[in-house]
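# Remarks on the overall topology
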Amino acid sequence: MRDRSGAGGGAYAWERSFRLWDTYFALIWVATLLYVLGAGEPGWPVRVAAAVLLSPLIPLYVVVGRPILCGDPPDERRALAYLLTMLALFLPSAILVGETRVMTFALVPQCFMTLRIRWALATVAVINFLPVAGWALLWWPSGQDVFFNGLFAVVSFIFSAAIGTWIIRVIEQSQERAELIAELDASRHEVSRLSAAHGALAERERMAREIHDTLAQGFTSLLMLVQAVEAELECDVPQARRHLALMDETARQNLAEARALVAGAAPVDLDGASLPDAFRRLAARHEATLEVTGPVRPLSAGPEVVALRSCQEALSNARKHAGSSAAVGIALAYADSSLTVSVRDDGNGFDPSSATDGYGLAGLRARAAEVGGTAMIHSTPGDGTTVTVRLPVPPVPPLGSST
């Protein structure tokens, strides 16, 4: 018989309802004893002797056989020793009294439950045919009795093989179910683990983008302002003081952004303000011009946050790469079903085909993609750079329609 162990040692349906087998074996044993003791021949001393030989079968099953049958898989050597012991008690009784052969209905299933198919069939053949041959040699019954008992043995063997095939099919189906359940459990745990890992990775990426677009850019601004102040202290004190005030404002802005990140709140510039107002503050801090076109209207938080962060990233890149004297212009355009942010500088420019896609540009594209938008960078060496982010937004409802 095949190995019945399932992945992870799963329990089988037939094991969970093993008490049915216990009841079945007990009923067969009781019926056999009644048949033996109630038989018309041979004499009662022989029938009592046969019953005495059958008496230990149930205790032997309970103490030894049942634990073997419940094994996962059964120990075949122990099972063979157990069945040989059962046969040593059964066969003499079956030879003495023909009615003992009713016990075959309890022994045959145990053979198929514990042994490989070849060994099981061989043992079942011994259980069915040897008692008939021994009984015929011992008592020399009539030819008719031998014929009918032999025919009963053949029918019993065929029936036993059919029952054995059914038992093996039940066990194999139970094994397949146990393996499938184990695979499903493993898959569920793996999906849960991957989901947790993906969630953690997505959160780390989100925090990295937020920090890059806010705190890192603020610190970069502070460093550039410090350098400007150092150069201006001796020659342009008013300008240095203006830059010091801007440093103070930038530091406070960074502190507020850090608190917003921890609290999971909206960007500071959007807190209680419209998107154009937030862009005006951003343009003032970066000494950039701002043009707002189209019908301004409130939008959901997603596109507005992406638009603001994209503008911050583009302004940071312009500050770092365009050159200190480059002019920067911001355009915020509202259309029927889109919102477009453009940041244009007339600085050094670069060749996009040969430039490495740093984290800032990658994060900018990722942000736009999260809300179904696109980000494009157009640049030419010596002719400045334009960053354009186009985001889909709900279309403007027709005039007169209910909102």
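Residues numbered from 1 in each chain as written. Predicted model: local features only at pLDDT ≥ 70, side-chain atom pairs only at ≥ 80, totals over all residues. Heavy atoms only, no water.

### Here's the deal with the packing of aromatic side chains
Aromatic ring pairs are reported here in terms of the distance separating the ring centres and the angle at which the planes meet. Applying the stated criterion to the full structure yields 7 aromatic pairs. For the pair Tyr24 and Phe25, a centre-to-centre distance of 5.7 Å together with 55 degrees between the ring planes defines the contact as tilted. A relative accessible area of 2% places Phe25 in the buried class. Their ring planes at 70 degrees and their centres at 5.5 Å tell us that Phe147 and Phe148 sit as a pair that is edge-to-face. Overall, Phe147 belongs to the exposed group, its relative accessible area being 53%. Given the relative accessible area of 46%, Phe148 is considered partly exposed. Residue placement shows Arg101 over the ring face of Trp135; its charged tip is 5.7 Å from the ring centre. (Phe/Tyr/Trp six-rings, centres within 6.5 Å; stacked < 30°, edge-to-face > 60°. Buried < 20%, exposed > 50% of the residue type's maximum accessible area, 1.4 Å probe, protein only. Lys NZ or Arg CZ within 6 Å of the ring centre and 35° of its normal.)

### A short note on the nonpolar core
In this structure, Trp29, Leu57, Tyr82, Phe90, Met103 and Phe112 are the most contacted members of the largest nonpolar core, which totals 41 residues. Secondary structure elements with two or more residues in this core: helix H2 (18-38), helix H3 (44-54), helix H4 (57-69), helix H5 (76-96), helix H6 (104-114), helix H7 (117-139) and helix H8 (143-232). In terms of residue count, H5 provides more of this core than any other element does, 9 residues in total. For Met103, the contacting residues outside a window of four places in its chain are Ile28, Trp29, Thr32, Leu57 and Phe90. (Core = buried A, V, L, I, M, F, W, Y, C linked by side-chain atoms within 4.5 Å. Helix = DSSP H or I, 4+ residues; strand = E, 2+ residues; numbered from the N terminus. Contact = heavy atoms within 4.5 Å.)

### Considering the pairing of strand E2 (residues 328-334)
With 5 of its 7 residues buried, E2 lies for the most part within the structure. Two elements, strand E1 (residues 289-293) and E2, share 5 bridges in a ladder whose sense is parallel. Residue pairing in the sheet places Val292 in a bridge with Leu332 of E2. Inspection of the sheet shows E2 paired to strand E3 (residues 338-345) by 7 bridges, in the antiparallel sense. Considered in E3, the bridge of Ile330 is made with Val343. Two successive antiparallel strands, E2 and E3, enclose a turn made up of 3 residues. (Pairing = 2+ DSSP bridges.)

### Points about the environment of Val387
For Val387, the location among the structural elements is in strand E5 (residues 385-392). Spatially, the C-alpha atom of Val387 lies 9.7 Å from that of Ile330, the residues being 57 residues apart in sequence. In this structure, Val387 is in contact with Ala314, Val341, Ser342, Val343, Leu364, Met376 and Ile377, ignoring residues within four places of it in sequence.

### Quick word on the pairing of E5
The buried fraction of E5 is high, at 6 of 8 residues. Here 8 bridges tie E3 to E5, and the two strands are oriented antiparallel to one another. Residue pairing across strands places Asp345 opposite Thr385, the latter belonging to E5. Where strand E4 (residues 374-379) and E5 come together, 6 bridges link them in antiparallel fashion. When the bridges of E5 are listed, Thr374 appears paired with Arg390.

### Looking at the pattern of salt bridges
Charged atoms that come close allow side chains of opposite charge to pair. Under the criterion given, the structure shown has 6 salt bridges. The shortest N-O distance in the salt bridge between Asp277 and Arg280 comes to 2.8 Å. Separated by 3 residues within a single helix, Asp277 and Arg280 lie in helix H10 (residues 275-285), roughly one turn from each other. Owing to a relative accessible area of 44%, Arg280 belongs among the partly exposed residues under this scheme. (Salt bridge = Lys/Arg side-chain N within 4 Å of Asp/Glu carboxyl O.)

### Some details on the confidence of the model for the protein chain
The predicted coordinates of low-pLDDT regions are not to be read in fine detail. Here the protein chain shows a mean pLDDT of 81. Residues at 70 or above account for 86%. Low pLDDT (under 50) marks residues 1-14, which in the prediction has 51 contacts with non-local residues, meaning those over four places away or in another chain. (pLDDT = per-residue confidence, 0-100.)

### Focus on the sheet that holds E1
Paired through their backbone hydrogen bonds, the strands of a sheet run either parallel or antiparallel. Here 5 strands make up an open sheet; going across it, the order is E1-E2-E3-E5-E4 and the pairing mixed. On the outer flanks of this sheet lie E1 and E4, each paired with one strand and no other. For this sheet the average axis-to-axis angle between neighbouring strands, irrespective of direction, equals 10 degrees. Helix-sheet contacts for H10 involve E1, E2 and E3, and the interaxial angle to E2 is about 175 degrees. Contacts between helix H11 (residues 301-321) and the sheet are confined to E2, E3 and E5, with E3 contributing the most and set at about 10 degrees to the helix. (Axes fitted to C-alpha atoms, helices over the stretch in contact; angles between N-to-C directions.)

### Some points on a nonpolar patch on the surface
Taken together, the side chains of Leu37, Trp44, Val48 and Val52 present a nonpolar region at the surface, about 410 Å² in accessible area. Of the residues forming the nonpolar patch, the biggest block, 3 residues, is contributed by H3. Mapped onto the secondary structure, Val48 falls in helix H3. (Patch = residues over 30% accessible without salt bridge, like charges linked within 9 Å, V, L, I, M, F, W, Y side chains within 5 Å. Areas by Shrake-Rupley, 256 points an atom, 1.4 Å probe, with all protein chains shown as cover.)

### So, unusual backbone geometry
A cis amide bond, omega -5 degrees, links Glu41 with the succeeding residue Pro42. Topologically, Pro42 is positioned in the loop between H2 and H3. With a phi angle near 45 degrees, Trp140 is a residue other than glycine that sits in the positive phi range. Within the element layout of this structure, Trp140 appears in the loop between H7 and H8.

### Description of the side chain of Thr100
Of note, Thr100 is situated in the loop between H5 and H6. The residues contacting Thr100, other than those within four sequence positions of it, are Thr32, Val36, Ala50, Leu54, Phe90, Ser93 and Ala94.

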